[in-house]
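Below are the chains, spelled out letter by letter.
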Amino acid sequence: MRMTAHCCAALLWLCLPTFAVAAAPPVGERHGIAHTPSAAVRDADHRDSVRYTVWYPAQSGAQETALTIGPPGAPLFEAGTAAADAAMAKGRWPVLLLSHGNGGSAGMMGWFGTAMARAGYVVIAVDHPGNNGVDPMTEAGSILMWNRVDDLAAALAAVQADPALATDIDSTRLGIAGYSAGGFTALVAAGARPDVQRLLAFCRAHPADGVCAPQAENPTLTLARRLTAAATPELAPWVARAGDDRAIAGVGAVFLIAPAMVQAFAPEELEKVTQPVSIVVGAADAVASPATNSDIVATTLPTARLTTLPAVGHYDFLSSCTALGQTRVGALCLVTADKQATHAAAIKEATALFDAALSATR
């Protein structure tokens, strides 16, 4: 349809073509429990269970409520909105697996998961046992980071077996996304095999690197303590299998948000990630320095798309802090850049990647 050039500005909407524009569906949220043997090694109470959260396009009319993190009535973070246990909208929705950072949670990544669900994806996020902000942190959970892939695989299988969700998902169109340590997890799930000794050698040579220094989420776990714990009879057999192939079959695209521990991968291992890759990182990231993490992935995988956001730090990719959170949480809420703009930039890049790589016509 041609548009006449003399439409007046006030009536421009009358002259526009009348294409049907579908409104974004409401977002639903469901929770479940999956099981995997390595969880029992990492969990403080030795449970083999993995909590997971699913965000998905919901049927019209579902009523969303605010998703918050923190004590009841005193939330510290705002993570988006979703309708609890709403019926899933009919369709064949592609699937994204989502891995949080060290000491984080599925809920903390709600800003990303709900946005991708609104864009037409079923997002499966987990609380990694022994390495999340809900349960006690453990040395095993912070050392056996490669076993986080077990959690994603178990959660995917559980969703595929859930009659409330399975009918309307298309897990042949599968992507993975991860923030910080979750970026490491995503690379392992995409086919790269980590080398613990390579990472340790890097940290011995660069102890002040943000990845090697004690983390804010677990400050007592120094490099020396990691070495000692990794050699214990309980963990040594699991550490010995760090380089096993843990690729999740069918992963078609990889989205990395401020990925960490990239020094664990030899270049030839990163090159095994042949799927389309997109990376978003902050130029001011002092925890997972772009120079030793994101830039390495981008250099090794020349087809990867790297977006570096000025003035953005590592914790800018957490959910937005409430006023109370800003007073109680400290460094996790101190940001220089506009966090909403940072989130929007990450969502834009992720949507572009997954829309292109997981299209139903591919």
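Residues numbered from 1 in each chain as written. Predicted model: local features only at pLDDT ≥ 70, side-chain atom pairs only at ≥ 80, totals over all residues. Heavy atoms only, no water.

1. A few points about the environment of Leu-152
- With respect to the secondary-structure elements, Leu-152 resides in helix 5 (residues 148-160).
- In this structure the C-alpha to C-alpha distance between Leu-152 and Thr-36, which are 116 residues apart in sequence, comes to 9.8 Å.
- When residues no more than four places from it in sequence are discounted, the contact partners of Leu-152 are Leu-97, Leu-98, Ser-99, Val-126, His-128, Ile-176, Thr-185 and Ile-248. (Helix = DSSP H or I, 4+ residues; strand = E, 2+ residues; numbered from the N terminus. Contact = heavy atoms within 4.5 Å.)

2. Quick notes on the packing of helix 5 against helix 6 (residues 181-189)
- Between helix 5 and helix 6, the least distance of the axes is 9 Å, while the angle of their chain directions is 70 degrees. With respect to each other, helix 5 and helix 6 are oriented roughly perpendicular. Handedness of the helix 5/helix 6 crossing: right-handed. On helix 6, the residues touching Arg-148, Val-149 and Leu-152 of helix 5 are Ala-181, Gly-182, Thr-185, Val-188 and Ala-189. (Axes fitted to C-alpha atoms, helices over the stretch in contact; angles between N-to-C directions. Parallel < 35°, antiparallel > 145°, perpendicular 65-115°, else oblique. Left-handed = near helix turned anticlockwise from the far one by under 90°.)

3. Focus on helix 5
- Taking 1.5 Å per residue as the helical rise, helix 5 with its 13 residues ought to reach 18 Å, and the 19 Å between its terminal C-alpha atoms agrees with that figure.
- For helix 5, the complete set of buried residues consists of Arg-148, Val-149, Asp-150, Asp-151, Leu-152, Ala-154, Ala-155, Leu-156 and Val-159. (Expected span 1.5 Å × (residues − 1). Buried < 20%, exposed > 50% of the residue type's maximum accessible area, 1.4 Å probe, protein only.)

4. Here's the deal with unusual backbone geometry
- The phi dihedral of Asp-85 is positive, around 60 degrees, even though this residue is not glycine.
- Within the secondary structure, Asp-85 sits in the loop between strand 4 (77-84) and strand 5 (93-99).
- On the accessibility criterion, Asp-85 (51% relative accessible area) is exposed.
- The phi torsion at Ala-258 lies on the positive side, around 45 degrees, for a residue other than glycine.
- As for its placement among the helices and strands, Ala-258 is situated in the loop between strand 8 (251-257) and helix 10 (267-270).
- The buried category is assigned to Ala-258, whose relative accessible area is 0%.

5. Regarding the pairing of strand 5
- When you tally the buried positions in strand 5, you get seven out of seven residues, the bulk of the element.
- The pairing of strand 5 with strand 7 (residues 169-179) spans seven bridges and is parallel. Bridging across to strand 7, Ser-99 finds its partner in Gly-178.
- Of the pairings in the sheet, the one linking strand 5 to strand 6 (residues 122-126) comprises four bridges and is parallel in character. Note on strand 6: the bridge partner recorded for Leu-96 is Val-123. (Pairing = 2+ DSSP bridges.)

6. Some words on the environment of Ile-257
- Relative to the assigned elements, Ile-257 resides in strand 8.
- Ile-257 gets classed as buried once you look at its relative accessible area, which sits at 0%.
- Remark: the alpha-carbon pair of Ile-257 and Ala-177, spanning 80 residues in sequence, is separated by 7.6 Å.
- Among residues more than four places away in sequence, those in contact with Ile-257 are Met-109, Trp-111, Phe-112, Gly-178, Tyr-179, Ser-180, Val-280 and Phe-317.

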